[in-house]
Structure formats: structure tokens, C-alpha cells
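One letter stands for each residue in the lines below.
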Amino acid sequence: QVQLVESGGGLVHTGGSLRLSCAASGRTFSGYAMGWFRQAPGKEREFVAGISRSGGSTYYEDSVKGRFTISRDNAKNMVYLQMNSLKPEDTAVYYCAAGLGRLVATREYEYDTWGQGTQVTVSS
């Protein structure tokens, strides 16, 4: 089973950009679909973006389409979330997640392993 560690969160102004990184341990990283979720204060955790095991397919929540890009580097056991044109409503704790054996996963229950989260704050 992989372990996940996120980094790259921080404070940014509206319209700014951040790149989140997720480092995965373990030798079977390419066997996992990967995803990013977020949880804002007082709200449930929600799906943001997902990527297939090979990286050939990606999926996005509607509100981030065209602004966020998920990618992975299986040689480095890394997943990234490039976030552009950030808005105050993007403020949340962002979590990296791994789904073993899944081709792709967009639902929380499809993921087996979670990182500790990284805070993203977008000021208006």
C-alpha cells in the first residue's frame, strides 16, 4: 500500500496560481488511480480531479475545468495539481488520494489511501 504526502499549498491572491504535489511511496504506484479532493470549512469533502493509472485519462469537477490540471509521473511516483485562476471559493484543504486497481476513480469510496492534506487559501 502506498503512503501519500502532499505539498505546495499556501496563500495566494485571486487570479493567482499554485501547484500541489503528492509524493507516493511504494513500488506499485502505477497500479493506482490517483485523485485530488478538497474540503472547505463546514462542507463535505468533494472530488476535484482524477487521473487514470497510465495518465491517459483525466476527469475534473465542473467548477475547476479549464483552470486546474492534474498530471502524474509514474517514474517519480508523483501526482500534481496545477491550479490557475484561483478564486476565493477554491479555499480548502486539498487531499491526494490513491485507488488501488482502479482504472480511474471519481468517487470518494473508490479511494483506499489518503494523504494528510495541504491548505490552500485564496484571498479576495
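Residues numbered from 1 in each chain as written. Predicted model: local features only at pLDDT ≥ 70, side-chain atom pairs only at ≥ 80, totals over all residues. Heavy atoms only, no water.

A. Layout of the pairing of strand β3 (residues 18–24). Burial within β3 is extensive, with 5 of its 7 residues counted as buried. Relative to β3, strand β1 (residues 4–7) runs antiparallel, the two being bridged by 4 bridges. For Ser 7, the partnering residue across the bridge sits in β3 and is Ser 21. Here β3 runs beside strand β8 (residues 78–83); their pairing, made up of 6 bridges, is antiparallel. Following the sheet pairing, Leu 18 is matched in β8 by Met 83. (Buried < 20%, exposed > 50% of the residue type's maximum accessible area, 1.4 Å probe, protein only. Helix = DSSP H or I, 4+ residues; strand = E, 2+ residues; numbered from the N terminus. Pairing = 2+ DSSP bridges.)

B. A look at the sheet that holds β1. If you trace the 4 strands from one edge of the open sheet to the other, you get β1-β3-β8-β7, paired in antiparallel fashion. Looking at the sheet topology across the chains shown, the edges are occupied by β1 and β7 (68–73). When strand polarity is set aside, the average angle formed by the axes of neighbouring strands in this sheet is 15 degrees. (Axes fitted to C-alpha atoms, helices over the stretch in contact; angles between N-to-C directions.)

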